[in-house]
Amino acid sequence: MRNPMGVLRRRAELKAPRERLPGGRRRWIRSSMDWLVAEFGRDVLLRPIVVPSELIPAGYDGGLTAAEALCARVAERMDLPSGQCALNFGLVAGDVRRPAYRGVVKEQSGRWVRGAERNEIQLAPVLAADPVALVAIFAHEAGHELLLGGRRISPAHRPDHEPLTDLLTVFYGLGIFTANAAYDRRPRPNGRGKQSLARGYLREAALSEALAHYARLRGERHPTWDRHLDPPVRRLMRNHLAILHK
C-alpha cells in the first residue's frame with residue numbers, strides 16, 4: 001500500500017530548493033523560451049529530442065575517457081565548437097555543498113570559469129559514473145559558455161541567468177537529462193540512511209512545465225519521448241500539456 005506521507009514528502013522535495021522566477025514560473029518559462037527561439041533559431045527547437053539510449057553508448061564504462069567523449073557529443077549537439085571551452089574533471093563537489101530546504105542538499109557538481117585565453121568547464125570526477133547526471137551538468141555549463149561566454153547575456157542584466165541556463169538545455173533537446181538528474185537520493189556521509197540531493201536551478205515541477213511548453217511549441221500533443229522521463233516529472237508534464245492544449 002502506498003504511504004500517503006511518503007508521497008507528500010516526495011512532492012515537497014521535488015519543489016525545493018526553488019529559485020524565484022521573475023513574473024512567476026509560467027510567464028517566465030514562456031517569455032524565456034520565446035527569447036531562446038529568437039536568439040538561437042527555431043530550427044534548434046525542432047531538432048529531434050535526445051533520449052538516453054541514443055546519446056549514451058551501450059558500452060559506456062564510467063571512466064574519464066568515456067566521460068570526456070560523452071561531453072564532446074553533448075557539445076556537438078549544443079553547437080559548441082570543439083576546443084572552444086576547456087574541460088577539467090578536477091572539481092571537488094564536497095567543497096561547494098551547502099544545506100538547503102528541508103534536509104535537501106544542493107550540490108554544485110559543475111562550474112563554468114572565464115579564462116584569459118579560453119573559458120573552462122570544471123566537473124566533479126564522480127559524475128563520470130552517472131552518465132545522465134554528467135550530460136545534465138555538462139549541458140548546463142556548456143549553456144553558460146553559449147550565454148555568458150558568447151556575451152548574449154550578463155549576470156547584471158539577467159539575474160535569472162542560472163535557471164535560464166537550465167531552460168537552455170530543454171531548448172536544445174536535452175531536457176530529459178536535466179529533469180531526470182534534478183533530484184536524487186544518496187547515502188549520507190555517516191552511512192546512516194540517505195539524503196536528498198538537488199542539482200541545477202529549475203526543480204522538477206518547473207522542468208515538467210518547461211518540457212510541456214517545449215512540446216507545445218514543437219506541435220507535439222502526445223510526445224512519445226516522455227516515457228524516458230522519471231514518473232513524477234512525466235505525470236506533471238502530461239498534466240501541463242493537457243492544460244496547454246485546452
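Scroll up for the structure.
Here the structure is a predicted model, which means the values were calculated and not measured. Chains are numbered independently. Their residues run from 1 in the order of the written sequence. Local features in a predicted model are, by the rule used here, given only for residues with pLDDT of at least 70; side-chain atom pairs are given and counted only at 80 or more, and totals for whole chains, interfaces and linings are based on all residues. The side-chain numbers reported here are obtained from all heavy atoms of the structure, hydrogens and water having been left aside.

1. Describing the environment of Leu55
Okay, so step 1: Assignment of secondary structure puts Leu55 in helix H4 (residues 52-55).
Okay, so step 2: The spacing of Leu55 and Leu70 is 15 residues in sequence and 7.7 Å in space, taken between C-alpha atoms.
Okay, so step 3: Here, residues are in contact when the closest pair of their heavy atoms is within 4.5 Å. Non-local contacts of Leu55, meaning those with residues more than four positions away in its chain, are made with Val50, Leu70, Arg73, Val74, Val135, Leu174 and Phe177. Strands here mean DSSP runs of E at least two residues long; helices mean DSSP runs of H or I at least four residues long; both are numbered from the N terminus.

2. Considerations on the packing of aromatic side chains
Okay, so step 1: Put simply, two rings from Phe, Tyr or Trp (the six-membered ring, in Trp's case) pair if the centres are within 6.5 Å, and we call them stacked under 30 degrees between planes, edge-to-face over 60, tilted for the rest. Tallied over the full model, the rule gives four aromatic pairs.
Okay, so step 2: Seen in terms of ring centroids, Phe40 and Tyr172 are 5.8 Å apart; in terms of plane orientation they differ by 75°. Their pairing is edge-to-face. Note that Phe40 is positioned in helix H2 (residues 25-40) and Tyr172 in the loop between helix H7 (161-171) and helix H8 (175-180), a separation of 132 residues in sequence. Taken individually, Phe40 and Tyr172 each receive the classification buried, so the pair is uniform in this respect.
Okay, so step 3: On the basis of an interplanar angle of 90° and a centroid distance of 5.6 Å, the ring pair of Phe171 and Tyr172 is categorised as edge-to-face.
Okay, so step 4: On the basis of relative accessible area, Phe171 is assigned to the buried category, the value being 0%.
Okay, so step 5: Each residue is assigned to one of three classes by its accessible area relative to the maximum for its type, calculated with a 1.4 Å probe on protein chains only: buried under 20%, partly exposed between the two thresholds, exposed over 50%. Classification of Tyr172 as buried rests on a relative accessible area of 3%.
Okay, so step 6: Each member of the aromatic cluster is reached from another via a ring pair, and the members are Phe40, Phe171 and Tyr172.
Okay, so step 7: A cation over a ring is seen here: Arg158 above Trp35, with NZ or CZ 5.7 Å from the ring centre. Note on geometry: a ring has a charge over it if NZ (lysine) or CZ (arginine) is within 6 Å of the ring centre and within 35 degrees of the ring normal.

3. What about H2?
Okay, so step 1: One less than the residue count of a helix, multiplied by 1.5 Å, gives the span that helix is expected to have. In a regular helix each residue adds 1.5 Å, so 16 residues correspond to 22 Å; H2 covers 22 Å between its end C-alpha atoms and thus fits that length.
Okay, so step 2: Considered for burial, the residues of H2 that qualify are Trp28, Ile29, Ser32, Met33, Leu36, Val37 and Phe40. Each buried residue of H2 sits inside an arc of 160° when the element is viewed along its axis, so together they form one side. Opposite the packed face of H2, turned more than 90 degrees from it, sit the exposed residues Arg27 and Ala38.
Okay, so step 3: Residues of H2 that are buried sit in contact with helix H3 (42-45), helix H6 (131-149), H7 and helix H9 (204-217).
Okay, so step 4: A positive phi of about 105° marks Gly41, the residue just after H2. To be clear, the arc concerns the directions from the helix axis to the C-beta atoms.

These figures capture arrangement, not role.
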